[in-house]
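Listed here are the chains, written in short residue letters.
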Amino acid sequence: MVASGWYRVAPEADLVTPGGHVRVTGLSDVVATGPDTAWAVGYYADAYDEPRQGVLLRMDGKRWRIEERLWKRFPEASDTGMGGIDADGPGNVWAVGNAGVGDNEEDAPFALRLDGHTWRTIKPLGEGKNRSLSDVAVDGSRVVLTGKRWEYTDDGPSFTPILLSWNGKRFYKQEFERGGSFDAVDAGAGHTWIAGSRTPEGCTGSRPAIWHRSSPQEPLVKMRLPAMGAGALRGILQKGPSDVWAVGEAGTGWRCGGGGVVRPLVLHWDGVSWKQAELPGGQGSLHSVTALGSDDVWMVGSSERNSWGVMLLHYSGRRWTREFLAVDGSVEEQWNEYALTSIPGTSGLILVGSAGAEDSEEAIVYRRR
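Computed from a prediction, not measured in an experiment: that's the story for all the values here.

*Asks:* Please clarify how the overall build of the protein chain should be interpreted in this entry.
*Replies:* Secondary structure assignment for the protein chain yields 1 helix and 31 strands. Relative to the globule expectation of 21 Å for 369 residues, the C-alpha radius of gyration of the protein chain, 19 Å, shows essentially globular dimensions. Once the C-alpha set of the protein chain is aligned to its principal axes, its extents read approximately 50 × 45 × 40 Å. A total of 369 residues make up the protein chain; the buried ones form 57% of that total. Contacts in the protein chain between residues at least 24 apart in sequence constitute 47% of all its contacts with a sequence separation of at least 6. Only carbon and sulfur atoms are counted for the fraction: they give 44% of the accessible area of the protein chain, which is about 15,600 Å². Positive and negative charge centroids in the protein chain, built from 39 and 47 side chains respectively, lie 5 Å apart.

Here's what the structure looks like:
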């Protein structure tokens, strides 16, 4: 089914700063705080094999503009890609990214915080080798960041998940068992939910995983999931403590860098247990989830079988529908990434990502009325 009701916004000509024109290559996350205010994070690259330089976009009214070019904020960095953003209002916005700094190419994961007037830089992990941040979730004055550090062994890289908790004044850091990966986080009403995978046997042994804590004082606990074989989770959304959605893929394509058949994976928490949703048939992987209500849930991803369009799944409370949004450029399952957000105070959605691959990749922004 072809998706309807969507229109493209933020054409390339709009993405201009006082320093000149910038062609944004891809966008990885988006958040809206009202009908006319939203932010998105992504990157720019001269070529697909060149370092990625981070960009932060802001929507005011119907116009998008580049608000921050991270290579200006980190002039000593070789790359400054950005991966996650969240907010609970225009005066409380957080974004995360990773910078490669200096001749030794040390990693300097960073957070940007907007207090309503000024973006401020925070380096919660300092500088050092082999560390990065993946996502951020805002819950009032409390903020949660996820990331990882890694070391190389004879069997390949070994990852240790990291959780950073901001209480309004300082960060508290926790590290967890090796072999896990924290890929997405959401928070609300004191709860923290993390989606990712556990990989005790390398990428082919990857299994979907979800961690939870009910308050900042409680320990983070790995939750019991249905038996479902190999896979990974890439997005998570809390609508309430008894209404949580997680999305990703069944199979090992994304975690293993491509190859193999993957299918969309959706899990729902009803306050008692996680249940796997029965979805319309088809291959593909889901990257992000948002909702306008408990009976109006949207997921976005890609499928190699439909390279002309972005894959969308919609749950109406009774039934699932699967449709594809035609975009300007090809959609490749192992290259392009997508994110969705609902627009508070409206029935609208914003979708960001990229179309095309390698040197033809270009950022896209779509809006649904």
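So much for the structure itself; the text now carries on.
*Asks:* How should a negative patch on the surface be read in this particular structure?
*Replies:* Together, Asp46, Asp49, Glu50, Glu304, Glu332, Glu358 and Asp359 make up a negatively charged patch on the protein surface. Here Glu332 lies in the loop between strand S28 (320-326) and strand S29 (339-342). With relative accessibility at 37%, the residue Glu332 sits in the partly exposed group.

*Asks:* Help me out: how do you make sense of the side chain of Asn92 in this one?
*Replies:* Topologically, Asn92 is positioned in the loop between strand S9 (82-87) and strand S10 (93-101). At 3.0 Å, the side chain of Asn92 forms a polar contact with the side chain of Asp88. In terms of polar contacts, Asn92 uses its side chain to reach the side chain of Trp94, at 3.3 Å. Leaving out residues up to four positions away in the same chain, Asn92 has contacts with Asp86, Ala87, Leu114, Val138 and Gly140.

*Asks:* Would you take a moment to explain the sheet that holds strand S7 (residues 63-69) for this structure?
*Replies:* Neighbouring strands of a sheet are bound in pairs by backbone hydrogen bonds; such pairs are parallel or else antiparallel. Read from one edge to the other, the open sheet built from 4 strands follows the order S4-S5-S6-S7, with strand pairing classed as antiparallel. Each end of this open sheet is capped by a strand with a single partner; those strands are strand S4 (26-34) and S7. Across the sheet, the axes of successive neighbouring strands diverge by a mean angle of 25 degrees, strand direction being ignored. As defined by bridge partners, strand S6 (residues 53-60) adjoins S7 across 6 bridges and the pair is classed as antiparallel. From the neighbouring strand, Arg58 faces S7, where its bridge partner is Arg65.

*Asks:* When you look at the sheet that holds strand S26 (residues 296-302) in this model, what are you seeing that I'm missing?
*Replies:* The sheet built from 4 strands is open, its strands ordered S25-S26-S27-S28 with antiparallel pairing. Where the open sheet ends on each side, the last strands, each with one partner, are strand S25 (285-293) and S28. Averaged over all pairs of adjacent strands, the angle between strand axes in this sheet comes to 25 degrees, irrespective of strand direction. Note: strand S27 (residues 309-315) against S28, 7 bridges, orientation antiparallel. From the neighbouring strand, Gly309 faces S28, where its bridge partner is Ala326.

*Asks:* Would you explain the packing of aromatic side chains in this entry?
*Replies:* Pairs of aromatic rings are described using the distance from one ring centre to the other and the angle between the two planes. Evaluation of the coordinates by the stated rule reveals 17 aromatic pairs. A centroid spacing of 4.6 Å and a plane angle of 40 degrees characterise the contact between Phe74 and Phe110, whose relative ring orientation is tilted. One end of the pair, Phe74, is in the loop between helix H1 (70-73) and strand S8 (77-79); the other, Phe110, is in strand S11 (residues 106-114), with 36 residues separating them in the sequence. The pair formed by Phe74 and Phe110 is uniform in burial state, with each residue classed as buried. Through successive ring pairs, a cluster of aromatic residues spans Trp94, Trp166 and Phe171. Between the NZ or CZ atom of Arg52 and the centre of the ring of Tyr43, over which it lies, the distance is 4.0 Å. The ring of Trp150 has Lys148 sitting right over it, with the charged end atom 5.8 Å from the ring centre.

*Asks:* So what exactly am I meant to see when it comes to the nonpolar core here?
*Replies:* Generally speaking, a soluble globular protein has its nonpolar side chains buried in company with each other. Ranked by size, the top nonpolar core spans 19 residues in total, and within it Trp39, Leu56 and Met82 carry the most contacts. Looking at this core, the elements that each hand over two or more residues are strand S5 (37-44), S9, S10 and S11. Those residues in contact with Met82 that sit more than four places away from it in its chain are Ser28, Val41, Gly42, Gly54, Val55, Leu56, Leu70, Ala95, Val96, Gly97, Phe110 and Leu112. Counting 18 residues, the second-largest nonpolar core is a separate cluster that includes Leu27, Ala32, Ala40 and Ile350.

*Asks:* Sorry if this is basic, but what is going on with the environment of Tyr315 here?
*Replies:* Within the element layout of this structure, Tyr315 appears in strand S27. Relative accessible area serves as the criterion here: at 19%, Tyr315 is assigned to the buried category. Between the alpha carbons of Tyr315 and Ser28 there is a distance of 23 Å; along the sequence they are 287 residues apart. If we skip the residues at most four places from it in the chain, Tyr315 touches Trp245, Ser294, Asp295, Asp296, Val297 and Trp320. Separated by 2.9 Å, the side chain of Tyr315 and the backbone oxygen of Gly317 make a polar contact.

*Asks:* Can you walk me through the pattern of salt bridges in this structure?
*Replies:* If the charged atoms of two oppositely charged side chains come close together, the side chains can form a pair. Within this structure, the stated rule accounts for 12 salt bridges. Between Arg65 and Asp60 there is a salt bridge whose closest N-O contact spans 3.4 Å. In this structure Arg65 comes out as partly exposed when scored by relative accessible area, which is 32%. Each of Arg58, Asp60, Arg65 and Glu67 takes part in a single network of salt bridges with overlapping partners.

*Asks:* How should unusual backbone geometry be read in this particular structure?
*Replies:* Most peptide bonds take the trans configuration, and most residues that are not glycine carry a negative phi. At Ala189, a residue that is not glycine, the phi angle is positive and equals roughly 55 degrees. The backbone of Glu358 sits at a positive phi, close to 50 degrees, despite the residue not being glycine. Looking at Glu358, the relative accessible area reads 41%, which means it is partly exposed.

How each quantity is defined
- Residues numbered from 1 in each chain as written.
- Predicted model: local features only at pLDDT ≥ 70, side-chain atom pairs only at ≥ 80, totals over all residues.
- Heavy atoms only, no water.
- Helix = DSSP H or I, 4+ residues; strand = E, 2+ residues; numbered from the N terminus.
- Rg over C-alpha atoms; globule rule 2.2 N^0.38 Å.
- Buried < 20%, exposed > 50% of the residue type's maximum accessible area, 1.4 Å probe, protein only.
- Contact = heavy atoms within 4.5 Å.
- Areas by Shrake-Rupley, 256 points an atom, 1.4 Å probe, with all protein chains shown as cover.
- Lys, Arg positive; Asp, Glu negative; His and termini not counted.
- Charge placed at Lys NZ, Arg CZ, Asp CG, Glu CD.
- Patch = residues over 30% accessible without salt bridge, like charges linked within 9 Å, V, L, I, M, F, W, Y side chains within 5 Å.
- Salt bridge = Lys/Arg side-chain N within 4 Å of Asp/Glu carboxyl O.
- Polar contact = N/O pair within 3.5 Å; in protein donor to acceptor, adjacent residues only side chain to side chain.
- Pairing = 2+ DSSP bridges.
- Axes fitted to C-alpha atoms, helices over the stretch in contact; angles between N-to-C directions.
- Phe/Tyr/Trp six-rings, centres within 6.5 Å; stacked < 30°, edge-to-face > 60°.
- Lys NZ or Arg CZ within 6 Å of the ring centre and 35° of its normal.
- Core = buried A, V, L, I, M, F, W, Y, C linked by side-chain atoms within 4.5 Å.

That is the geometry; function is a separate question.
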